[in-house]
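Structural characterization, general
Each chain, letter by letter, is given below.
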4 protein chains.
Amino acid sequence: MIIDEVLAQKIIQPRPLESHKGTFGRVLLIGGNYPYGGAIIMAALACVNSGAGLVTVATHKDNITALHSQLPEAMAFDLAEKNRLSEQTAAADVILIGPGLAEDELAQKTFDAVWKTVKPKQTLIIDGSALNLLAKKASIQWPTKNIILTPHQKEWERLSGLAISEQTEKATQAALAHFPKGTILVAKSHQTKIYQGNRVGELRVGGPYQATGGMGDTLAGMIAGFAAQFKSDLFETTAAAAYLHSAIAQALAQKAYVVLPTRISQELPKWMKEMSEEPLSQ
Amino acid sequence: MIIDEVLAQKIIQPRPLESHKGTFGRVLLIGGNYPYGGAIIMAALACVNSGAGLVTVATHKDNITALHSQLPEAMAFDLAEKNRLSEQTAAADVILIGPGLAEDELAQKTFDAVWKTVKPKQTLIIDGSALNLLAKKASIQWPTKNIILTPHQKEWERLSGLAISEQTEKATQAALAHFPKGTILVAKSHQTKIYQGNRVGELRVGGPYQATGGMGDTLAGMIAGFAAQFKSDLFETTAAAAYLHSAIAQALAQKAYVVLPTRISQELPKWMKEMSEEPLSQ
Amino acid sequence: MIIDEVLAQKIIQPRPLESHKGTFGRVLLIGGNYPYGGAIIMAALACVNSGAGLVTVATHKDNITALHSQLPEAMAFDLAEKNRLSEQTAAADVILIGPGLAEDELAQKTFDAVWKTVKPKQTLIIDGSALNLLAKKASIQWPTKNIILTPHQKEWERLSGLAISEQTEKATQAALAHFPKGTILVAKSHQTKIYQGNRVGELRVGGPYQATGGMGDTLAGMIAGFAAQFKSDLFETTAAAAYLHSAIAQALAQKAYVVLPTRISQELPKWMKEMSEEPLSQ
Amino acid sequence: MIIDEVLAQKIIQPRPLESHKGTFGRVLLIGGNYPYGGAIIMAALACVNSGAGLVTVATHKDNITALHSQLPEAMAFDLAEKNRLSEQTAAADVILIGPGLAEDELAQKTFDAVWKTVKPKQTLIIDGSALNLLAKKASIQWPTKNIILTPHQKEWERLSGLAISEQTEKATQAALAHFPKGTILVAKSHQTKIYQGNRVGELRVGGPYQATGGMGDTLAGMIAGFAAQFKSDLFETTAAAAYLHSAIAQALAQKAYVVLPTRISQELPKWMKEMSEEPLSQ
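Here's the deal with the sheet that holds strand S2 (residues 26-30) of chain C
Residues and elements named next belong to chain C. Overall, mixed pairing links the 10 strands, which are arranged S1-S10-S9-S8-S7-S6-S5-S2-S3-S4 in an open sheet. What marks the edges here is a single partner per strand, and that holds for strand S1 (2-3) and strand S4 (75-78). Bridge count between S1 and strand S10 (residues 199-203): two bridges; the pairing is parallel. In the strand pairing of S10, Ile2 is matched with Glu202. Sheet strands touched by helix H6 (residues 129-136): strand S5 (94-97), strand S6 (123-126) and strand S7 (147-149). Its angle to S6, the strand with the most contacts, is close to 95°.

Notes on the sheet that holds strand S7 (residues 147-149) of chain A
Residues and elements named next belong to chain A. Strand order in the open sheet formed by 10 strands is S1-S10-S9-S8-S7-S6-S5-S2-S3-S4, with mixed pairing between adjacent strands. At either end of the open sheet lies a strand with only one pairing partner, and these are strand S1 (2-3) and strand S4 (75-78). Examined bridge by bridge, strand S2 (residues 26-30) and strand S3 (residues 54-59) share five bridges and lie parallel to one another. The partner of Arg26 across the bridge, within S3, is Leu54. Packed onto the sheet, helix H5 (residues 105-117) meets S2, strand S5 (94-97) and strand S6 (123-126) and runs at close to 160° relative to S5.

Some thoughts on unusual backbone geometry
A cis amide bond links Tyr34 of chain B with the next residue in sequence, Pro35 of chain B, at an omega value of 0°. Mapping Pro35 of chain B onto the fold places it in the loop between strand S2 (26-30) and helix H2 (37-49). The phi torsion at Ala102 of chain A lies on the positive side, around 70°, for a residue other than glycine. With respect to the helices, strands and loops of the structure, Ala102 of chain A is situated in the loop between S5 and H5. For Ala102 of chain A, a relative accessible area of 9% gives the class buried.

A few points about the interface of chain B and chain A
A common way to report how large an interface is uses the accessible area buried once the components associate. The partner chain A presents 36 residues to the 29 residues of chain B that form the contact. Carbon and sulfur atoms supply 61% of the area that chain B and chain A bury against each other, a total of about 2,500 Å² over both sides. At the boundary of chain B and chain A, one finds zero salt bridges. Counting across the interface, chain B meets chain A through 12 residue pairs in polar contact (both at pLDDT 80 or more). Every element with two or more residues in the side of chain B that touches chain A is listed here: H2, helix H3 (64-70) and helix H11 (261-277) of chain B. With five residues, H2 of chain B is the single largest residue contributor to the side of chain B that touches chain A. Residues that form the side of chain B that touches chain A fall into these classes: 16 nonpolar, 11 polar and two charged.

Notes on the environment of Ala175 of chain B
All names here are of chain B. The residue Ala175 is located in helix H8 (residues 169-176) in this model. When the C-alpha atoms of Ala175 and Leu162 are compared, they prove to be 8.0 Å apart, with 13 residues separating the residues in sequence. Residues within four places of Ala175 in sequence aside, it is in contact with Trp156, Ser160 and Leu162.

Observations regarding the arrangement of the chains
Contact between chain A and chain C is absent, and the minimum C-alpha spacing across the pair is 8 Å. With no contact between them, chain B and chain D keep their nearest C-alpha atoms 8 Å apart.

Focus on helix H11 (residues 261-277) of chain A
Residue and element names in this part refer to chain A. Its 17 residues place the ends of H11 25 Å apart at the C-alpha level, agreeing with the 24 Å of an ideal helix rising 1.5 Å per residue. Of all the bends in H11, the greatest reaches close to 45° and is centred on Leu268; the proline Pro269 follows between one and four positions later. Counting buried positions along H11 yields 12 of 17 residues, so the element is predominantly enclosed. When H11 is considered as a whole, its buried residues turn out to be Pro261, Thr262, Ile264, Ser265, Glu267, Leu268, Pro269, Trp271, Met272, Lys273, Met275 and Ser276. Of the surrounding elements, those touching the buried residues of H11 are helix H1 (5-11), helix H2 (37-49), helix H9 (215-229) and helix H10 (234-252).

Some words on the relation of the copies chain D and chain C
Rotating chain D by 90° and moving it 0.0 Å along the rotation axis overlays it on chain C with an RMSD of 0.0 Å. Both copies are brought into coincidence by an operation consistent with a four-fold rotation axis. Among all residues of chain D, the minimum C-alpha distance to the rotation axis is found for Ser69 of chain D, at 4.2 Å. In this assembly, only 7% of the residues forming the interface of chain D have copies in chain C that are likewise at the interface, indicating a heterologous arrangement.

Describing the environment of Trp156 of chain A
All names here are of chain A. Locating Trp156 in the fold gives a position in helix H7 (residues 153-160). Between the C-alpha atoms of Trp156 and Thr110, which are 46 residues apart in sequence, the distance is 21 Å. Residues in contact with Trp156, not counting those within four places in the same chain, are Pro151, Gly161, Leu162, Gln167, Thr172, Ala175, Leu176, Phe179 and Leu185.

Re the pairing of strand S10 (residues 199-203) of chain D
Residue and element names in this part refer to chain D. Counting buried positions along S10 yields four of five residues, so the element is predominantly enclosed. In terms of strand pairing, strand S9 (residues 193-196) meets S10 through four bridges, oriented antiparallel. Within S10, the position partnered with Tyr195 by the bridge is Val200. Linking two consecutive strands that pair antiparallel, namely S9 and S10, is a turn of two residues; a positive phi of about 55° is found at Gly197 within it.

Re the relation of the copies chain B and chain A
Superposition record for chain B on chain A: RMSD 0.0 Å, screw rotation 90°, translation along axis 0.0 Å. When the interface residues of chain B are mapped onto chain A, a mere 7% of them are again interface residues, pointing to distinct binding faces.

What to know about the interface of chain D and chain C
At the junction of the two partners, chain D supplies 29 residues and chain C supplies 36 residues. For the chain D and chain C pair, buried surface summed over both sides reaches about 2,500 Å², with 61% attributable to carbon and sulfur atoms. The largest per-residue losses of area from chain D upon contact with chain C belong to Tyr34, Pro208 and Tyr257 of chain D, which jointly make up 31% of the total buried on that side. The tally of links from chain D across to chain C stands at zero salt bridges. In this structure, the connection of chain D to chain C is made through 11 residue pairs in polar contact (both at pLDDT 80 or more).

Section: the pattern of salt bridges
Enumeration over the complete set of coordinates arrives at 53 salt bridges over all chains. When the shortest N-O distance is used, the salt bridge between Glu157 of chain A and Lys154 of chain A registers 3.0 Å. One end of the pair is Glu157 of chain A and the other is Lys154 of chain A, both in helix H7 and three residues apart, which spans about a single turn. Under the relative-accessibility criterion, Glu157 of chain A is labelled partly exposed at 23%. Classification of Lys154 of chain A as partly exposed rests on a relative accessible area of 37%. Linking Glu267 of chain A and Arg263 of chain A is a salt bridge whose minimum nitrogen-to-oxygen distance equals 3.5 Å. Residue Glu267 of chain A and its partner Arg263 of chain A are both found in helix H11; the two are separated by four residues, about one turn of the helix. Here Glu267 of chain A falls in the buried class, since its relative accessible area comes to 14%. Through salt bridges that share partners, Lys10, Arg199, Asp233 and Glu236 of chain C make up one connected network.

Observations regarding the side chain of His245 of chain D
Residues and elements named next belong to chain D. By the secondary structure assignment, His245 is in helix H10 (residues 234-252). When its relative accessible area of 4% is taken as the criterion, His245 is described as buried. At a separation of 3.1 Å, a polar atom in the side chain of His245 contacts the main-chain carbonyl oxygen of Met215.

Reading the values: the criteria
Per chain, the residues get numbers from 1 upward, laid out in the order the sequence is written. Labels follow written order: the first chain is A, the first ligand is 1, and so on. Reporting in this predicted model follows two pLDDT cut-offs: at least 70 for local features of residues, and 80 or more for side-chain atom pairs to be given and counted; totals over whole chains, interfaces and linings ignore these cut-offs and use all residues. With hydrogens and water stripped out, all remaining heavy atoms of the structure feed into the side-chain values. One bridge is not enough; two strands pair if DSSP finds at least two bridges between them. Per the convention used, a helix needs a DSSP run of H or I reaching at least four residues, while a strand needs a run of E reaching at least two, with both numbered from the N terminus. Every residue pair with non-hydrogen atoms within 4.5 Å of one another is taken to be in contact. All axes here are fitted lines through C-alpha atoms, helices being fitted over the stretch that makes contact, and every angle between N-to-C directions spans 0 to 180 degrees. Think of it in three bands: residues with accessible area under 20% of the maximum for their type are buried, residues over 50% are exposed, and the middle band is partly exposed, with areas taken using a 1.4 Å probe on protein chains only. A 1.4 Å probe defines the accessible area here, and the buried area is the portion of it lost by two parts on being joined, summed over both. Every case where a carboxyl oxygen of Asp or Glu lies within 4 Å of a side-chain nitrogen of Lys or Arg is listed as a salt bridge. We call two N or O atoms a polar contact when they sit within 3.5 Å, provided that within protein one can donate a hydrogen and the other can accept it, with sequence-adjacent residues counted only if both atoms are side-chain atoms. For this scheme, ten residues count as nonpolar: Ala, Val, Leu, Ile, Met, Phe, Trp, Tyr, Cys and Pro. Four count as charged, namely Asp, Glu, Lys and Arg, and the remainder, Gly too, count as polar. Here the expected span of a helix is defined as 1.5 Å times the quantity of residues minus one. For a residue, the bend is simply the angle between two axes, fitted respectively to the seven-residue segment ending there and the seven-residue segment starting there. A residue counts toward the fit only if its pLDDT is at least 70 in both copies, and the copies are then superposed by least squares on the C-alpha atoms of those residues.

Okay, here's the thing in structure tokens:
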């Protein structure tokens, strides 16, 4: 299937009148470890602007000021605080781990602590360096079946064992079968595809103006925001986020040689409003 | 009564020509304790943009840089500085305590110190975690009768003992009677109401695009700014702030799926100018 | 005399083609001591945007990040670094001391060190808390005759001994005669006047939308920027800065109930461009 | 030759569809040592906005928050981390050293470490204080022939021994002959020229609105971004960056008395898009 505007419009519905912050989900974003602080800031900008109800960020303590300088709307605490990390992990509807998490000892401890705390009803999005930490694990006991993986090609190689040149649709589907049933794979490349079991969706929007640092962090934050508030099928919800991410980039690229990730986040409220209003195409 | 534009226009009058910063009031904003630094930043953005003469922020020392990165217009000091907190509390016309104050030991000490220092001529706005600290108190000696409480439904449950499902207009009025005479209650929900004694005002603006973190902090900051500069009846002044907060959100929501709180603050000077000029409706 | 657009246009001339940063002056801004960090940030935004060639800020070390978050164009160092302070003071064409300097021991030491280092060819602008430190001095040996004082009424009371109600034009001129010949006084009030010897200029622009924290810091930064680059008569240069500051505020106030100081700085390049181009009125 | 729009259009080509971040190069920016933190922030803003694929900044650890507050898109680490500096230097396609590097011990150590690590296939851009450190060296073993020097007149005096008044085109070419063959010199003045061997290009755009702190840092960042992604002749690539830098400033100066360097960076994506599309002039 082609992931297109019709799907995005199906997911992005008008908000219910009787609602409060909790209605639109609690998200915990984990990452921004030294020296990658900016990654989780970009994920948080995307997540808040996509409409998540409450966004909390677990990050390196030195990164909190830079985050709050841009986004006072998000709460933020020190990644190294064990108890708070457990509490916040337990309290979240959706957990995104990985943007700028690095692979040092603190990253490993954080990954393990989160892995132990996540419960089956929660959605877990694994991105960036957390995918590498995952790839290193000898055996895996999955804490939930609501899993979204967002690797680029090199990260998918590490996770699946498939060399980049071997990452055909069939081979990728076969490799994905080794993950828990229902796991969603966002296989990022210059032509991103999204998989779940036998389902494959393909993006036909986006382009080389997106090939810049932080683009994936922004996508991961959007997926977290969408998963927190839209209660539809998770594959379609993820696909809608990915579509919107590239569709906005494509539109901005009409007047920009390179599209900065933070620019996409700025556009989110406007685009989502339009998507929520337009009649479905026939 | 319906709180509408006519009321807002009544409160937001053209400024007197012969005036200085003091004319428009000194406000002390207390909060932004770890890990909720962003909350007091949003309150401060709202307060300064609403036209308060001088705004000072007492916050966690690690939060000062993020505040000044966005709003050099506000002074800011370390919440833990006892003497400065007392001096600044004494010097203020309006004190807002609570946005992101947390409920730890520092929060409790701060709350107690402020409570001891406030004098009857001052206006005290109690928001967020300060409402929970207040709810825990066994007996309360109120330092002033100029009190504004801004709870959401769960906070009002803790304060009043009324379960959310029991928070009818009548029950809320009865519960409010246990507070000092004249206490104003901003009962936040998807349909916010404002109470004082037998008076009840109801908002007919706003919507689910406001259900995002920081919206209440922004409202609290606006109420503080309005109370500092407008010398009208405090119930009407509070109601005007609440009206404007939701009216701006509603207007922005024409082009935004979710309205970020900081966007409301940015719009304040323009809206207040228009409100101050338009003839009163008949 | 009325300080008007004609004067501003006389001062703000097109830039010479063969020029470099040094042509437009080196400015040292001193202030932003705890808890007033924002003040020197606002002065620096005004100074850089008014076109000074090189702007360096001496401020509390904890304030440097907030400054650079908004204005990487300025250099910034720790106020407490004695040697660097002396070197930078010696290297500047114009020194502004005072915005948010406070009156603690560090402020006093800084004031004294600057006072010792300033040379007769340099221009010294004294603002905010530095005016209070000056007022406390028993006897004064002035390091230069190029002095600009920018007190509001209470500060002028402390400096001159004139109660606010006694600050008539005549009394102010008489008090100013006790300062070095040529000293320029910017007497800020809701109707600011500028004095030098027998000269008095009066602003007829501006209004109560300017009565907000940081307005004076922004004016001081603009005066420093103007003094650094325009080699005209210093009284007229100062007057032109004051005119532009209030003229921009007045224009912004067409669409703003309160004008934030940082908004004025943003407008400076555009306004100065227009001023530099328009033909002089007749 | 005159460096003009035709050359810029030749360099700034539409991006290849099948590409990823690596396609557009890895850049390491080194500088922003105390008290010049802002310089490397401006270089990074220019580099990211010009479209480099991945930008990493080595800077004083206290400067990372200010950088990330403006540009989460860049990674950033502590200049004093020896191992990381070596790794990141080795991993880069283009290395820019100098904006705000200072000349203290940390600067010297950094310079020496980078010098030892750079390999012949890498491009090394030397700017600001790194030019002074280079000028102090008794003998020089060049680690690569892909060298770009970006001195202003005083820095070129120190490097070449030519007094500013002696810096004629011929004398400069003769002095440049003592550098490795192929070294590109961007000789900045109010009329910037670019040299390589017998080639000389001259800018006819730009003006005195650019005489403000940070302009050179921005140019250096743009050159790094261009060198990372455009695989054309390095002299022409450098010239195209310099042209665009001044052409944007000139356009902004239609409405600005002084052009802040960060404003140029903001315009880059739009201008580069237009350049990539326009047909070449005949």
